[in-house]
Amino acid sequence: MTIEQWITIATRKLAPESAEQVRREIGEHFQCALAAGNSDIASLGDPRKANRQYRKVLLTAPEAKLIKGVFPDFASWWKYAILGVSNVLICAGAWAISGHSDLVWRAWPIGVLLLLQYAGPLLCPKTPQHLRIWRIARGAGFIVGMVFLITTWNWMSYSIMAQFFFVSACQIRATVIRRKLSSDRWPVFAYI
Amino acid sequence: MNLRGTLPTLILEAIEREPDHGYSIAQRIKERSKRVLDFKEGTLYPALHKLELDGMVASYEEMEKGRTRRYYRITKSGHDQLAKDRQEWQKVSRAVSLILKERGLA
């Protein structure tokens, strides 16, 4: 195996900038080894194992795509928030028209709870303590929102439920990204 | 010999006195353990990145012989962590020695 082949395997599924970083540091390492008279690639170990470890600490290609493609800035994140609230308003309207006026009042707290899920980038809780408080508030909002939606038991409520789960999925991904980047490099949606 | 999970501690120990670059850190660990701890060098950098993310290590680039090299230095929380790890290791080591002595293996 050549050093190029080792690096290709070790950088599989990493973001381009992460792969470049690995290429630079392993290249530099190998140059030092050569200068010391050691050209044995085996001393670097299994590139697949190194790749697994790199993927835990450096941005992967899907994560980089998520940052750059879906929520590159504040505005794109809020487009999703507006879409979510519009969804709640449409549901409320549909309930009112279809004679389920008893469900319409639930749209208000559900809308507020959904907005709470999206409010992270606005608050940008930087200190660990603020982040903890924010997570507890957001988690409680999620649970109460779900209870409201499940007890509403109407087909329209599933579209709002999907919206809650969409934010939750983003939150899980954001947690992983937060661990891999220093706080000054956090993209705006990493605060959710 | 590969002691799983001890690499971060060994890295902190290697750069405790002065900053160093990746290759030299790997060689230092091997030489100081008289080649008993022979880890694979490809796993050194993910461990260094993890330490950097955790704030135990900081890195900077420096020119050396016309080449840019990344140096790693230990931070204040790295020093604190190393002190904790040393205590923990001594405790574990004493406990294992006691068990082995009990069985007449040490």
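Being a predicted model, the structure only gives us computed values, none of them experimental.

Caption draft 1: Representation of the overall build of chain A within the structure. A count of helical and extended segments in chain A gives 9 helices and 0 strands. When the helices and strands of chain A are placed in sequence order, the string is α-α-α-α-α-α-α-α-α. Considering only intrachain contacts with a sequence separation of at least 6, the fraction spanning at least 24 residues in chain A is 70%.

Caption draft 2: View of helix H9 (residues 157-180) of chain A. In this model, H9 of chain A (24 residues) spans 36 Å end to end at C-alpha, consistent with the 34 Å of a helix rising 1.5 Å per residue. Along H9 of chain A, the positions that sit buried rather than exposed are Ser-157, Ile-160, Gln-163, Val-167, Cys-170, Ala-174 and Lys-180 of chain A.

Caption draft 3: Quick look at helix H2 (residues 16-35) of chain A. Helix length check: H2 of chain A, at 20 residues, gives a terminal C-alpha distance of 28 Å against a target of 28 Å (1.5 Å per residue), a fit within 8%. Packing partners of the buried residues in H2 of chain A comprise helix H1 (3-10) and helix H3 (47-57) of chain A together with helix H2 (22-32), helix H3 (44-53) and strand E3 (67-74) of chain B. Phi turns positive one or two residues past the end of H2 of chain A, at Gly-37 of chain A, with a value near 85 degrees.

Caption draft 4: Broad picture of the interface of chain A and chain B. Contact residues are listed per partner, giving 19 residues for chain A and 13 residues for chain B. Per-element tally for the side of chain A that touches chain B: the top contributor is H3 of chain A, with 7 residues. When grouped by side-chain class, the residues that make up the side of chain A that touches chain B number 9 nonpolar, 4 polar and 6 charged.

Caption draft 5: The environment of Cys-91 of chain A, seen in detail. Residues and elements named next belong to chain A. Position of Cys-91 among the secondary structure elements: in helix H5 (residues 74-97). Placed 67 residues apart in sequence, Cys-91 and Tyr-158 show a C-alpha to C-alpha distance of 9.8 Å. Among all residues touching Cys-91, those that are not within four sequence positions of it are Ala-107, Met-156, Ser-157, Ser-159 and Ile-160.

Caption draft 6: Region of interest: the packing of H1 of chain A against H2 of chain A. Residues and elements named next belong to chain A. Across the interface, H1 lies against H2 with an axial gap of 10 Å and an inter-helix angle of 145 degrees. In this structure, H1 meets H2 at a crossing whose hand is right-handed. Residues Ile-3, Ile-7 and Ala-10 of H1 form the contact with H2, whose own contacting residues are Val-22, Arg-23, Ile-26 and Phe-30. Of the residues belonging to the contact of H1 with H2, the class tally is 6 nonpolar, no polar and 1 charged.

Thresholds, definitions, all that
Residues numbered from 1 in each chain as written. Chains lettered and ligands numbered in written order. Predicted model: local features only at pLDDT ≥ 70, side-chain atom pairs only at ≥ 80, totals over all residues. Helix = DSSP H or I, 4+ residues; strand = E, 2+ residues; numbered from the N terminus. Contact = placed C-beta atoms within 7 Å. Expected span 1.5 Å × (residues − 1). Buried ≥ 20, exposed ≤ 12 C-beta atoms within 10 Å, placed from the backbone. Nonpolar A, V, L, I, M, F, W, Y, C, P; charged D, E, K, R; others polar. Axes fitted to C-alpha atoms, helices over the stretch in contact; angles between N-to-C directions. Left-handed = near helix turned anticlockwise from the far one by under 90°.

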